[in-house]
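Residue-level listing of the chains:
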4 protein chains.
Amino acid sequence: MATNLEAFCMNSSPIKIVGIGGSLRPQSYSQQLLSLTGDRLQALGATVQILDLRQLNLPFCNGDKEYSDYPDVEKLRQTVQQADGLVLSTPEYHGGASGVLKNALDLMSFDQLSGKVTGLISVLGGSANSNALNELRVVMRWVHAWVIPEQVAVGQAWRAFTPDGKLLDKDLSERLDRFATSLIDNTRKLRA
Amino acid sequence: MATNLEAFCMNSSPIKIVGIGGSLRPQSYSQQLLSLTGDRLQALGATVQILDLRQLNLPFCNGDKEYSDYPDVEKLRQTVQQADGLVLSTPEYHGGASGVLKNALDLMSFDQLSGKVTGLISVLGGSANSNALNELRVVMRWVHAWVIPEQVAVGQAWRAFTPDGKLLDKDLSERLDRFATSLIDNTRKLRA
Amino acid sequence: MATNLEAFCMNSSPIKIVGIGGSLRPQSYSQQLLSLTGDRLQALGATVQILDLRQLNLPFCNGDKEYSDYPDVEKLRQTVQQADGLVLSTPEYHGGASGVLKNALDLMSFDQLSGKVTGLISVLGGSANSNALNELRVVMRWVHAWVIPEQVAVGQAWRAFTPDGKLLDKDLSERLDRFATSLIDNTRKLRA
Amino acid sequence: MATNLEAFCMNSSPIKIVGIGGSLRPQSYSQQLLSLTGDRLQALGATVQILDLRQLNLPFCNGDKEYSDYPDVEKLRQTVQQADGLVLSTPEYHGGASGVLKNALDLMSFDQLSGKVTGLISVLGGSANSNALNELRVVMRWVHAWVIPEQVAVGQAWRAFTPDGKLLDKDLSERLDRFATSLIDNTRKLRA
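Remember, it's a predicted structure, so these values are computed and weren't measured experimentally. Residue indices follow the written sequence of each chain, beginning from 1 at its first position. Each chain gets a letter, beginning with A, and each ligand a number, beginning with 1, in the order they are written. Given that the model is predicted, a residue must reach a pLDDT of at least 70 before its local features are reported, and side-chain atom pairs must reach 80 or more before they are shown or counted; all residues, however, enter totals for whole chains, interfaces and linings. Values shown for side chains rest on all heavy atoms present in the structure; no hydrogens or waters enter the calculation.

J.: Quick rundown of the overall build of chain A? Include the residues and the values.
T.: Tallying secondary structure elements over chain A gives seven helices and six strands in all. Numbering of helices and strands runs from the N terminus, with a helix taken as a DSSP run of H or I at least four residues long and a strand as a DSSP run of E at least two residues long. Going from the N terminus to the C terminus, chain A shows its helices and strands as α-β-α-β-α-β-β-α-α-β-α-β-α. Just to be clear, the radius of gyration here is over C-alpha atoms, and the globule rule we use is 2.2 Å times residues to the power 0.38. The C-alpha atoms of chain A give a radius of gyration of 16 Å, which matches the 16 Å a tight globule of 192 residues would have. In terms of overall dimensions, chain A has C-alpha extents of about 55 × 45 × 30 Å along its principal axes.

Right, here's the structure in full:
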């Protein structure tokens, strides 16, 4: 039973989730949705930290390991490394994840990303689509992360939110709840 | 503690894995590799059943729910439904999974596939590639299955095996071991 | 100038387009849309032949070159081989092209498919998506076909058509026109 | 005949190809391969301009149209806009195109990219793969560019080149020739 008791205790400690938003736009909808997601994850008992790439000073990845002129690279890496799970929220630009988000992932590697249980969100102006989600699913698999089956793609984002940043569509809001619940439950199971 | 004891007991029961091979070729390498994988899964304590599509009489999916003239549809569905985890092994035809395998998946739905922990294998004659693996990852996500990060793509399959059906390449063999171990461990965790 | 005159004459002969529908469902929407597309291609001067897989007796591909028990394999191959361009219309099953359509492609190879200028259509019951289109784009690339940038994905197909088989949505209808026009124009250019 | 004569004349003017490399690494193999490709395109009569992102000062895309602090954005856009065809050469980072390259594409839009005939190259340290190529194919389709069926993926790039930057493998070198020839021939046809 010892092993199992140990697992029980490990499983009782709070789940740490780090969210990364892939947009630098001031009123970004994908950041707004990430923020909402963070609230729900916290309501479910998780510890949540949002990395707002608008507030980090990151370089373009040049293949180097070290970026001593950019201490935020280390901040990004350490924050992600100590997480149990991740949420990646990206605007869909040209049928893919934003270069901004992909560049942040390029600055990390297996040390930070492998084994992380990840939920994916994409937001776009036109009809909802899963191009960016499929791309990120392949990328996160490549670094040996887990990607949960639940995912959220929001189309016509400009009319998805109330003025105070809530989701207008009830179905979408419930979808986000199932997404958050799955991320917490399965992160707990997989990190055991 | 009751819930946890219950989980402990559930987790102790053997993992049931069903393997489906996507090739109808008599000397199929993907079937051979699936068979090898089955052996390793059994050695790790799993109950394994291989569905050889060469021995099932399945129709082309026409969108119907019922195929009363083809009792093997029901056999396929029931076998998969009671599994904890799946292995899908496909030849890569034209940069995708075989139509044969996709058709077998088309004959099933959420009832059979949702929540299943799945490992993916592809085999091809040319250089190893992940086209078919990426496609199946998207498809299995769509039916809300889990796909483990470990995957196996074997290129130049015609020179991968010994005459008695073992893998020649030691690295590949170890990769298959890690694949089998991950499938068992994570099926156990996720079904809890 | 001779070469160019020759090209001019070649370019004046009618474009031959073959359409393949990926559904066996009796009232299939993807077949209906393929039929509509065929009408528009003909109105633009193309010779169009629709291969209705419901009326062909095709086997599951087993990797063989010859299927002497199934003369329709040869019919499929010859019809496609002499085409200048193709339209593939598939229902989206489980986030992918139908196994039925992929199997028909598996029964052919470079001889039939290489260099063909191809337009892609997908039809689904839920929200429009590009999963099946992306998959087919990769597959057709693999056999060295061209895929035109214009593509058509119809969501909620059960409410897309009038009782007599016309498209209800004007935007979608215009999109189909642009699709047909691009296929004809670019097939003419690329076969020159 | 007038139209055709006009087409003949248009087709006689040199093809303008712009190459964009997705790596900022000083000794980048993808830049090296792009440079080689440029040489071959020139030998076939094209006008070639390589945009070395290491020498452009580009911002991260924040969704804005204007980047007045970064004149190189305008330089990038104008150079690409006046091209007939493109070559995108990317290192494969984490199973995808580099964020650096995707960000450069994010800074452009239909005005620059639509209708461009594009050839794709990826370079990686491990086994050759088509993850990044498939991703870029979907992205370039989204902006209504053409992507030629020929593509080049170089694995184990660290042993692919001679000290003076030539390709060691004869098959790969011939593949690059076919790639360059197809890009020129089909750009000529499609821009007509």
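That was the structure; now back to the text.
J.: Now, about the environment of Ala128(A): what can you tell me, with residues and values included?
T.: Its location among the elements puts Ala128(A) in the loop between strand S5 (117–123) and helix H6 (131–142). The spacing of Ala128(A) and Gly99(A) is 29 residues in sequence and 19 Å in space, taken between C-alpha atoms. Pairs of residues are marked as contacts when any of their non-hydrogen atoms sit within 4.5 Å. Not counting the four nearest positions on each side in its chain, Ala128(A) is found in contact with Ala153(A), Val154(A), Gly155(A) and Ala128(C).

J.: Tell me about empty space enclosed by the protein, residues and numbers included.
T.: Cavity means a closed set of points on a 1 Å grid over the protein atoms alone, one where a 1.4 Å probe fits but cannot get out, pocket means an open set with protein on both sides within 12 Å along at least 5 of 7 lines, and lining means a residue has an atom within 4 Å of a point. Grid points are joined across faces, edges and corners, and a volume is the space filled by probe spheres set on the points. Counted by the stated rule, this structure contains eight cavities of 30 Å³ or more. One number sums up the size of the largest cavity: a volume of about 420 Å³. Around the largest cavity, the lining comprises 22 residues; the ones closest to its centre are Asn134(A), Asn134(B), Val138(B), Asn134(C) and Asn134(D). Secondary structure elements with two or more residues in the lining of the largest cavity: H6 of chain A, helix H6 (131–142) of chain B, helix H6 (131–142) of chain C together with helix H6 (131–142) of chain D.

J.: How would you summarise the pairing of strand S1 (residues 16–21) of chain B if you had to cite specific residues and measurements?
T.: Residues and elements named next belong to chain B. Categorising residues by exposure relies on relative accessible area from a 1.4 Å probe, with only protein chains included: less than 20% of the type maximum marks a residue as buried, more than 50% marks it as exposed, and the intermediate range marks it as partly exposed. Across the six residues of S1, five count as buried, placing the element largely inside the fold. For two strands to be treated as a pair, DSSP must find no fewer than two bridges joining them. Bridge count for S1 against strand S2 (residues 47–52) is six bridges, and the pairing is parallel. Paired with Gly 19 across the bridge in S2 is Ile 50. Crossovers are described as right-handed under a simple rule: with the strands pointing away from the observer, the path leading from the first strand over the helix to the second runs clockwise. For the crossover from S1 across helix H2 (residues 29–43) to S2, the handedness is right-handed. Pairing analysis gives five bridges linking S1 to strand S3 (residues 85–93), with the strands arranged parallel. In the strand pairing of S3, Gly 21 is matched with Ser 89.

J.: I'd love a proper account of the interface of chain D and chain A, names of residues and values included.
T.: The partner chain A presents 30 residues to the 29 residues of chain D that form the contact. By buried area we mean the combined loss of accessible area, with a 1.4 Å probe, across both parts when two parts are placed together. Together chain D and chain A conceal approximately 2,400 Å² of surface at their shared face, both sides included; 63% is due to carbon and sulfur atoms. Criterion for a salt bridge: a side-chain nitrogen of Lys or Arg within 4 Å of a carboxyl oxygen of Asp or Glu. There are zero salt bridges connecting chain D and chain A. Throughout this description, a polar contact denotes any pair of N or O atoms lying within 3.5 Å of each other; where both atoms belong to protein, one of them has to be capable of donating a hydrogen while the other can accept it, and for residues adjacent in sequence the pair is counted only when both atoms sit in side chains. Across the contact surface, chain D and chain A share ten residue pairs in polar contact (both at pLDDT 80 or more). Elements supplying a minimum of two residues to the side of chain D that touches chain A: helix H4 (99–106) and H6 of chain D. For the side of chain D that touches chain A, the element with the most residues is H4(D), which contributes six residues. Amino acids are sorted into nonpolar (Ala, Val, Leu, Ile, Met, Phe, Trp, Tyr, Cys and Pro), charged (Asp, Glu, Lys and Arg) and polar (every other residue, Gly among them). Across the side of chain D that touches chain A, the residue classes tally to 14 nonpolar, ten polar and five charged.

J.: Tell me about unusual backbone geometry, and name the residues and values.
T.: Positive phi outside glycine occurs at His94(A), with the angle close to 50 degrees. Along the chain, His94(A) falls in the loop between strand S3 (85–93) and strand S4 (96–97). Located in the positive-phi region is His144(B), a residue other than glycine, with phi close to 65 degrees. Position of His144(B) relative to the elements: it lies in the loop between H6 and strand S6 (146–154). What makes His144(B) partly exposed here is its relative accessible area of 31%.

J.: Give a detailed account of the packing of aromatic side chains, specifying residues and quantitative values.
T.: Aromatic pairs are defined between Phe, Tyr and Trp rings, using the six-membered ring for Trp, whenever the two ring centres lie within 6.5 Å; interplanar angles under 30 degrees are classed as stacked, those over 60 as edge-to-face, and all others as tilted. Applying the stated criterion to the full structure yields twelve aromatic pairs over all chains. Ring geometry for Trp146(A) versus Trp146(B): centroids 6.0 Å apart, planes at 65 degrees, classification edge-to-face. With one member in each of two chains, Trp146(A) in strand S6 (residues 146–154) and Trp146(B) in strand S6 form a pair that bridges those chains. Exposure remark for Trp146(A): the relative accessible area of 7% places this residue in the buried category. Ring centres of Phe110(B) and Trp142(B) lie 5.7 Å apart, and the angle between their planes is 35 degrees; on these two criteria the pair is classed as tilted. Of this pair, Phe110(B) sits in helix H5 (residues 110–113) while Trp142(B) is found in helix H6, placing the two residues 32 residues apart along the sequence. For Trp142(B), a relative accessible area of 27% gives the class partly exposed.

J.: So what's going on with the relation of the copies chain D and chain A? Residues and values would help.
T.: The two copies are related by a screw motion: chain D maps onto chain A through a turn of 180 degrees and a shift of 0.0 Å along the axis, at an RMSD of 0.0 Å. Both chain copies can therefore be described as sitting about a two-fold axis. Measuring from the rotation axis to each C-alpha of chain D, the shortest distance belongs to Gly99(D), at 2.1 Å. Here 100% of the contact residues of chain D are again contact residues in chain A; the copies associate through an equivalent surface. We superpose the copies by least squares over the C-alpha atoms of residues that have a pLDDT of at least 70 in both of them.

J.: Please provide a residue-by-residue account of the side chain of Asp84(C), values included.
T.: All names here are of chain C. Of note, Asp 84 is situated in the loop between helix H3 (71–81) and strand S3 (85–93). Engagement of the side chain of Asp 84 in a polar contact is seen with the backbone nitrogen of Lys 16, the distance being 2.8 Å. Leaving out residues up to four positions away in the same chain, Asp 84 has contacts with Pro 14, Ile 15, Lys 16, Lys 116, Val 117, Thr 187 and Arg 191.

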